[in-house]
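# Coordinates in review
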Amino acid sequence: MKIFTTTREVQDYLADLRNNGKTTGFVATMGALHRGHLSLIAQAKQHNNVVICSIFVNPTQFNDPSDLEKYPRPIEKDTQMLIDAGCDILFNPPVNEMYAAHEHWHLQLGEIEHLLEGKFRPGHYQGVTQVVYKLFNIIKPDAAYFGQKDYQQFMVISKLVVLMHLPVKLVMCPILREDDGLAMSSRNIHLTAEDRQHSLVLSKTLFRIRDEFDANNIPALLDEAAAFINAETGVSLEYFEFADSETLQPANQNTKNIVALVAARVGKTRLIDNILIN
Ligand code: PAF
């Protein structure tokens, strides 16, 4: 696997590949890789000649400095995982390679930025679009692979692609779960053994609510989900919502395609999860 830390080097290398007619599949990550990320790499490998993964803990998308500080950075383990997964290129730049000292970024993302995650993490999606725009610009991938677990992120990045006319195909890959249902996430490392048990209430609630959806109305299901999650020790619910799977506006019984999304603090760790209802 080729490893690059500078923009210039990775751009030159990729330009050569493109000139030789190779297609590139891109997986953007912040490291602390798990099987969910590897499934994105596997998808990218299936459909492209060359797979490139970035590891960059992007400071502009953290609204809580302590969250940024404690974000796991096991770069050696990650590198080995990428080699084992058959990734061709790792782009792992330092912060000063990606950002100049006083950069300003604001994209009119519309309401989607302020819903759900946006309410609890103001500015988060500005930071995400800022770094993804830069990464797409540097790497110029044919296709980019993102996980369904960050559902809203995927919709926001889709909007970025439309607004900026970026010639990249976005692919959403299914959530990977542990055997007991917990959605794989880099943040799961922070869960204590007890938190780990308590966290299962999130996926259990999503599955239960999906199964009950056809026979119930949305307000009753929302009450039920909130009661179920709030009854779990050590879990503090931030939101459980049904949303239109395209716009992420609150869904009603007539909404055609619905996604249920949840965010909660489990002990000291913030987790998100979601499920497509129909
Ligand atoms: O999903 C993530 O890991 C990050 O938000 C991303 C897309 C790599 C941007 O920093």
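Below or above, wherever it landed, is the structure these notes cover. (Residues numbered from 1 in each chain as written. Predicted model: local features only at pLDDT ≥ 70, side-chain atom pairs only at ≥ 80, totals over all residues. Heavy atoms only, no water.)

## Quick word on the pattern of salt bridges
For clarity, the cut-off: When a carboxyl oxygen of Asp or Glu is within 4 Å of a side-chain nitrogen of Lys or Arg, the pair counts as a salt bridge. Counting from the N terminus, the helices are DSSP H or I runs at least four residues long and the strands are E runs at least two residues long. Only protein chains enter the accessibility calculation, which uses a 1.4 Å probe. A residue is then buried if its area is under 20% of the maximum for its type, exposed if over 50%, and partly exposed in between.
Tallied over the full model, the rule gives twelve salt bridges. When the shortest N-O distance is used, the salt bridge between Glu178 and Arg35 registers 3.8 Å. Within this pair, whereas Glu178 is found in the loop between β6 (169-173) and α9 (193-212), its partner Arg35 is found in helix α2 (residues 35-47), the two being separated by 143 residues in sequence. Look at Glu178 and you get partly exposed, because its relative accessible area is 27%.

## Things to note about the sheet that holds strand β8 (residues 258-266)
Strands in a sheet are paired, the pairing made by backbone hydrogen bonds, and the direction either parallel or antiparallel. Where we set the bar: Criterion used throughout: strands pair if DSSP finds at least two bridges between them. Orientation is described by axes fitted as lines to C-alpha atoms, over the contacting stretch for helices, and by angles from 0 to 180 degrees between their N-to-C directions. Throughout, a residue-residue contact means that at least one pair of heavy atoms, one from each residue, lies within 4.5 Å.
Taken in spatial order, the three strands line up as β7-β8-β9 in an open sheet, and their pairing is antiparallel. Every other strand in the sheet has two partners, leaving β7 (235-244) and β9 (269-276) as the edge strands with one partner each. Along the sheet, successive strands turn relative to each other by an average axial angle of 15 degrees, direction set aside. Relative to β8, β7 runs antiparallel, the two being bridged by nine bridges. By the bridge assignment for β8, Asp244 is matched with Ile258. Here helix α10 (residues 218-230) sits on the sheet in contact with β7 and β8, set at roughly 160 degrees to β7.

## With respect to the site of the ligand
Here is the rule we go by: Being near a molecule or strand, for a residue, means having at least one of its heavy atoms within 4 Å of it. Pairs of N or O atoms within 3.5 Å make up the polar contacts considered here, provided that, within protein, one atom can donate a hydrogen while the other can accept it, and that residues adjacent in sequence are counted only when both atoms are side-chain atoms. Where accessible areas are quoted, they stem from the Shrake-Rupley method and a 1.4 Å probe; at the residue level, only the protein chains shown are allowed to cover.
Near the ligand the following residues occur: Ala28, Thr29, Met30, Asn58, Gln61, Val131, Phe146 and Gln153. For the ligand, an oxygen atom lies 2.6 Å from a polar atom in the side chain of Gln61. In the model, an oxygen atom of the ligand is placed 2.6 Å from a nitrogen or oxygen of the Gln153 side chain. Here the ligand, which alone exposes 280 Å², has 90% of that area covered by the protein.

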